[in-house]
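So the chains spell out like this:
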Amino acid sequence: MKEVIKSLSEFRNRPIAPLLLSILWLCAIAWVGFLWNLGNIGLVDETEPLFAEAARQMTVTGDWITPYFNGETRFDKPPLIYWLMAVAYRTLGVNEWAVRLPSALCAIGLTCLGFYTLSKEEGSSATRTVRDLTDVRKQEEVRWKPEEETENNNSQLKTPRLPIFFSTPWIGAALIALNPQTIAWGRTGVSDMLLVSCMCSALLAFFLGYTLEEQREKAEFSTVSASRFPNKWYLTFYVLIALAILAKGPVGIVVPALIVGSFGLYLGNFRQLWREMRPVSGILIILAIALPWYIFVILDNGQTYIDSFFGYHNFQRFTGVVNKHSAPWYFYFFVVLVGFAPWSIYLPVAIARTRFWQRSYWRRQPRSAQLSLFALFWFGCIFGFFTIAVTKLPSYVLPLIPAAAILVTLLWSDIIAGNEPENRRGNLEKKPNSLPRGLLVTYIFNVIFLLIVAGATFYSYNWLGDDPAMPNFPQAIQQSGLLIVGGAIWITTAVAIALLLWQRQQRWILVANFIGLVAFIIFGLTPAYKVVDINRQLPLRQLAQVAVQQKLPGEEFIMVGFWKPSLVFYSQEPVTYYRAVRRAIDYIKESKTPTSPSILLLGYPEKFVELGLQPNQYQVLDSRGAYQLARVPRTAFR
């Protein structure tokens, strides 16, 4: 291992080596997190097929303004995700890869911009956000002792060059991309990752523009340029905000404005920010990009669209419970703990190390030193905003994950480099060869948390039997051995971290967490996706194809008891859904001008009994999983 690290360090000295290694690192993260097996499982009901089919119908009808699903308008989300999927369809064909590729590319783009931002932070001489920005930093670095100390205590200690994989941007890219929340939504064909990528990239662009203004001032340029437009990064910020609005609506501008505004007010430079960002120009840019579609869709659909999108899907989601998605006020504490695991363990210490209550300190710091403070406002505003909102879903706090990653990255950069702030060391005093109390408790909790996750993985067999669409899944997942593999990975990781802590090799704890997470993704999570797909979604795909082959001209396709939109996508036929059996019977009986004397009926076998059908009254065409498909004469309901 030492020889490998030494070789990497020597290779790093070559001018082109860090760039090539960094590109390979980003490619590896992108492949493991988002591209590997991206299209190898079917679309997951219920949300993913809604987006996929609405995009497909755009390509079929040529209507790029009003989204449709199953012959009805779908005003839930703006069109950007549908447009991107439609472009992917034209390029790759109508398949799962094309549905999910926009989300994967958005996650990769956000990871790369995060890498770039942190590389700028690392490269600046005044960018350590929780350290005094003086030459003391160079003196502090000698506190990292070489593994073999020289016998002469008076000799000057030299700081060993750390391997490139311990650099701030490498750590940051890994933490931004490789966490449960980002991996899940980066591999799902819905609009959430598109919104997150646009919104969070806009916030990163804002910070880059914010520091660029400082560089201009140091170069003796006017802080506020004579140009009518803001600097290139502020322009990028406005363009990305416009795209965020096209991705998910007003939240794309409300939340970033809240973050940037509160950040400026805290530092007391809000007026200066207002002048240098030139918001009038920015608003015109946003309106020019985002407004035309909203005008066209309102002209086409009028008050119906306004009431549905702005009223129901925005205002009511914030002020009331929509689709029974309610949760207690502390819901997002658990979402962040699990969704950002295992890195979430270090969030409390990372937040505390910003010393955000020392306003006077932060107001004295150069802009390039304020990244951790900005990330804290980013994290806190999103967490608070969606905690106040009445409707709660785990994906709502996905935009705070990159901010959490930046906070934890900067913490680990300090841990690895052995740096602590000169003027704030009072609360972190420690004896030689000992750890600060806060970090020691966090390391111990890291081990305990992983053991809890391992136990939950082993025991999860008992929690997986509540989905009637895959009644045999608990047995299938247990027989696959994946629960044992997953639990073993987390136990091994916990033991490795405990040993590293015992040996005072805390910098390698980050690596142990990373290896454990990647191993779980490759050997536990990805194979589990396949088992879920075989038991839950594959039967529906197979029956959809049977329905296409067996469907007679004019015959209606009805699903009773469930709403599975994947049937529409895979059959590319309209499907009539009725959850309530009584309503399905009334609908069939009241059909005055049926185009066919029979219907195709799909549902659980017991639903056929609830419909009052006898076995001799219908023809079973196929049975897959929990479902059966049958042809039923309409006369059977009279």
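Along each chain, residue indices are assigned from 1 in the same order as the chain's sequence is written. pLDDT decides what is reported in this predicted model: residues at 70 or higher carry local features, side-chain atom pairs at 80 or more are listed and counted, and totals for whole chains, interfaces and linings draw on all residues regardless. Here the side-chain values reflect all heavy atoms present in the structure, with hydrogen atoms and water set aside.

Student: Would you take a moment to explain the overall build of the protein chain for this structure?
Tutor: Numbering goes from the N terminus for both helices and strands, where a helix is a DSSP run of H or I of at least four residues and a strand is a run of E of at least two. Along the backbone of the protein chain there are 26 helices and seven strands. The contact criterion used throughout is that any non-hydrogen atoms of two residues lie within 4.5 Å. Of the contacts made within the protein chain by residues no fewer than 6 positions apart, 78% connect residues no fewer than 24 positions apart. The Shrake-Rupley method, run with a 1.4 Å probe sphere, supplies the accessible areas, and residue values consider only the shown protein chains as cover. Summed over its atoms, the accessible surface of the protein chain is roughly 29,200 Å², and 61% of this surface lies on carbon and sulfur atoms.

Student: Would you take a moment to explain the side chain of Arg 74 for this structure?
Tutor: Inspection of the secondary structure puts Arg 74 in the loop between strand E2 (72-73) and helix H4 (80-92). The buried category is assigned to Arg 74, whose relative accessible area is 7%. Whenever two N or O atoms come within 3.5 Å, that pair is a polar contact, provided that in protein one can donate a hydrogen and the other can accept it, and provided that, for residues adjacent in sequence, both atoms are side-chain atoms. Within the structure, Arg 74 has its side chain in polar contact with the side chain of Tyr 82 (distance 2.6 Å). Excluding its chain neighbours within four sequence positions, the residues that come into contact with Arg 74 are Leu 50, Phe 51, Pro 67, Tyr 68, Phe 69 and Tyr 82. Only protein chains enter the accessibility calculation, which uses a 1.4 Å probe; a residue is then buried when its area is under 20% of its type maximum, exposed when over 50%, and partly exposed in between.

Student: Is there a simple way to think about the pairing of strand E6 (residues 619-624) in this case?
Tutor: Remember that side chains alternate between the two faces of the sheet whenever the strand is regular. Here the rule is simple: two strands pair whenever DSSP picks up at least two bridges between them. As defined by bridge partners, E6 adjoins strand E7 (residues 627-633) across five bridges and the pair is classed as antiparallel. Considered in E7, the bridge of Val 620 is made with Ala 630. Joining the antiparallel neighbours E6 and E7 is a turn of two residues, in which Gly 625 adopts a positive phi near 60°.

Student: Looking at this model, I keep getting lost on unusual backbone geometry. Mind explaining?
Tutor: Glycine aside, negative phi is the norm for most residues, and most peptide bonds take the trans geometry. Following Asp 45, the chain continues to Glu 46 via a peptide bond in cis, the omega torsion being 20°. Among the secondary structure elements, Glu 46 is positioned in the loop between helix H2 (17-35) and helix H3 (47-61). Residue Pro 342 is reached from Ala 341 by a cis peptide bond, and omega for that bond is 0°. With a phi angle near 60°, Arg 504 is a residue other than glycine that sits in the positive phi range. Inspection of the secondary structure puts Arg 504 in the loop between helix H22 (482-502) and helix H23 (507-550).

Student: Can you walk me through the pattern of salt bridges in this structure?
Tutor: Two side chains carrying opposite charge are able to pair once their charged atoms lie near each other. One speaks of a salt bridge when a side-chain nitrogen belonging to Lys or Arg is within 4 Å of a carboxyl oxygen belonging to Asp or Glu. Summed over the entire model, instances satisfying the criterion amount to 14 salt bridges. For the salt bridge of Arg 100 with Glu 48, the shortest nitrogen-to-oxygen distance reads 2.8 Å. Of this pair, Arg 100 sits in helix H5 (residues 96-123) while Glu 48 sits in helix H3; the two residues are 52 residues apart in sequence, bridging distant segments of the chain. When sorted by exposure, Arg 100 lands in the same class as Glu 48, which is buried. Here Arg 367 ties to Glu 276 by a salt bridge, and the two come within 2.7 Å at their closest N and O atoms. One end of the pair, Arg 367, is in the loop between helix H17 (359-364) and helix H18 (371-388); the other, Glu 276, is in helix H12 (residues 270-277), and 91 residues separate them in sequence. The two residues Arg 367 and Glu 276 agree in class, both being buried.

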